[in-house]
Structures are given as structure tokens and as C-alpha cells.
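# An overview of the molecular structure
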Amino acid sequence: MSDFLFMEKAIELALNNVITRHGGPFGAIVVKDGKIIGRGRNEVTTSNDPTAHAEVQAIRDACKHLNTFQLDDCEIYTSCEPCPMCIGAIYWARPKAVYYAATKQDAAKIGFDDQFIYEQLELPVELRKIPMKQISPSTGALPFKTWENSQDKVEY
């Protein structure tokens, strides 16, 4: 199957999501070795989960299919340029490429504007809209020290 046809599959998921009133106009697939191994659609409102974006759902589905936490040698096709959260998830999943159809500007035109997140990330922590303050009890570093010394850890 070609890149064009894979993109059409992602767009089809997005369109069907709108038509069936299941969620927002976003769909994504994960492909490995020319086969679709993960599918996702936006389910934020139906699952009451703000992280249930199409790309995250597709990554979860593909990882479950592959029984791994990384998408080595995989490609993600998504109906829209990923938001900041999905970009983070994509980098953690480590696919070899991401392809998208609509742009973040296209999404902003219909009410899905992520620009405020990009702006917040550029600010010093103390100036962000949502307060973020470090609290450091004496045990704060214990999980990291324990991880560092663990002989059983799985690196990622």
C-alpha cells in the first residue's frame, strides 16, 4: 500500500469519527512493514480522557499489537499535524517517520488551536498559566536513586 493510501485510511478514521459522533475529526494509523498494526481515533469526549487523541490511541494499539513500548521501524499516518502532547508521545514511541494531512493551522481554524500550549512551554515555569511548583521532601530523589541502582530495570 502506498503512503497516499495509508493517509486515506487515517482520514477515513477521522471522517467516520465525526459522522458517527464518536469524537473529534482526527484519525491515525501505525504501519510496520507495509501493514497497519495500530489504529486510533479521537475519543476525548466519549471516554472523558483528555489524552485520548488519535495518535496516542494508535500508538497504544500498535504497542499492544507488537507487545513492546517502542515503535521501531514503524510509520505513523495521521489526519492532522500532531499537537504538542502527541508529539511528545511520538518521540517516546520512536517511530521512523510521521506523515500528516491537515496542518495545525487548519485545525486552529475550526477551534482546535494548540498555539497556547506552545506559548506556555516557552515560558519559565513560574510564569505559566497553570501553577507548577516543586515540592522536595527528603525522599524526593529516592525513586531515581533506586532506579539507577536497580539490576532489573528495562531501559527506554
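All of these numbers come straight from a predicted model, not from anything done at the bench. Each chain has its residues counted from 1, following the order in which its sequence is written. In keeping with the predicted nature of the model, local features appear solely for residues at pLDDT of at least 70, side-chain atom pairs appear and are counted solely at 80 or more, and the whole-chain, interface and lining totals rest on all residues. Just so you know, side-chain values use all the structure's heavy atoms and leave hydrogens and water out.

A run of H or I in DSSP counts as a helix once it spans at least four residues, and a run of E counts as a strand once it spans at least two, with each numbered from the N terminus. In terms of regular secondary structure, the chain is built from 7 helices and 4 strands. Its helices and strands in sequence order give the chain the pattern α-β-β-α-α-β-α-β-α-α-α, from N to C terminus. The dimensions of the chain, computed from C-alpha atoms along their principal axes, are 55 × 40 × 25 Å. Classification of the 156 residues of the chain by burial places 29% in the buried group. Residue pairs at least 24 apart in sequence account for 46% of intrachain contacts in the chain once pairs closer than 6 positions are excluded. Accessibility throughout is a Shrake-Rupley quantity obtained with a 1.4 Å probe, and a residue counts as covered only by protein chains that appear here. Carbon and sulfur atoms provide 56% of the accessible area of the chain, an area that totals close to 10,700 Å². Buried residues are those whose accessible area, probed at 1.4 Å on protein chains only, stays under 20% of the maximum for their type, while exposed residues exceed 50% and partly exposed ones sit between those limits. For this analysis, residues touch if any pair of their heavy atoms sits within 4.5 Å.

Okay, the nonpolar core next. Generally speaking, a soluble globular protein has its nonpolar side chains buried in company with each other. Formed by 16 residues in total, the largest nonpolar core has its most connected members in V30, I37, I59, A62, L71, C74 and I76. Sorting the residues of this core by element identifies strand 1 (27-32), helix 3 (54-66), strand 3 (74-80) and helix 4 (84-93) as the ones contributing at least two each. Per-element tally for this core: the top contributor is helix 3, with 5 residues. In contact with I37, not counting residues within four places along its chain, are V30, K32, D61, A62, H65, L66 and C74. Each nonpolar core is a collection of buried residues, namely Ala, Val, Leu, Ile, Met, Phe, Trp, Tyr and Cys, held together in the definition by side-chain atoms within 4.5 Å. Counting 6 residues, the second-largest nonpolar core is a separate cluster that includes A10, I29, V31 and Y77.

Two rings belonging to Phe, Tyr or Trp (six-membered ring only in the last case) form a pair when the distance between their centres is within 6.5 Å. Interplanar angles under 30 degrees mark stacking, angles over 60 mark edge-to-face geometry, and anything in between is tilted. Applying the stated rule across the entire model yields 6 aromatic pairs. Measuring from centroid to centroid gives 6.1 Å for F69 and Y156, while their planes differ by 75 degrees, and the two rings are edge-to-face. Linking F69 in the loop between helix 3 and strand 3 with Y156 in the segment after helix 7 (142-149), this pair joins segments that are 87 residues apart in sequence. With relative accessibility at 43%, the residue F69 sits in the partly exposed group. Between the aromatic rings of W147 and Y156, the centroid separation amounts to 6.4 Å while the plane-to-plane angle is 75 degrees, which identifies the pairing as edge-to-face. By way of ring pairs, the aromatic residues F69, W92, W147 and Y156 are connected into one cluster. Over a ring means this: the NZ of a Lys or the CZ of an Arg is within 6 Å of the ring centre and within 35 degrees of the ring normal. One cation-aromatic arrangement involves K104 over Y118; the distance from NZ or CZ to the ring centre is 4.3 Å.

Our next topic: the pairing of strand 3. With respect to burial, strand 3 is a largely interior element, 7 of its 7 residues being buried. Strands qualify as paired when DSSP identifies two bridges or more between them. Of the strand pairs in this sheet, strand 1 and strand 3 are connected by 5 bridges, and their pairing is antiparallel. The residue bridging V31 from the neighbouring strand is E75, located in strand 3. In the sheet, strand 3 pairs with strand 4 (residues 97-102) via 5 bridges, with the strands oriented parallel. Bridged to E75 within strand 4 is A97.

With that settled, the discussion passes to the sheet that holds strand 2 (residues 35-41). Taken in spatial order, the 4 strands of this open sheet run 2-1-3-4, and their pairing is mixed. What marks the edges here is a single partner per strand, and that holds for strand 2 and strand 4. Going across the sheet, the axis of each strand differs from the next one's by a mean of 15 degrees, ignoring polarity. Of the pairings in the sheet, the one linking strand 1 to strand 2 comprises 6 bridges and is antiparallel in character. Bridge pairing in strand 2 links V30 to G38. Contacts between helix 1 (residues 3-19) and the sheet are confined to strand 1, strand 2, strand 3 and strand 4, with strand 1 contributing the most and set at about 145 degrees to the helix. Helix axes use the C-alpha atoms of the stretch in contact, all axes being lines fitted to C-alpha atoms, and the angles between their N-to-C directions lie in the range 0 to 180 degrees. Set on the sheet, helix 3 makes contact with strand 1, strand 2 and strand 3; between it and strand 2 the angle comes to about 140 degrees.

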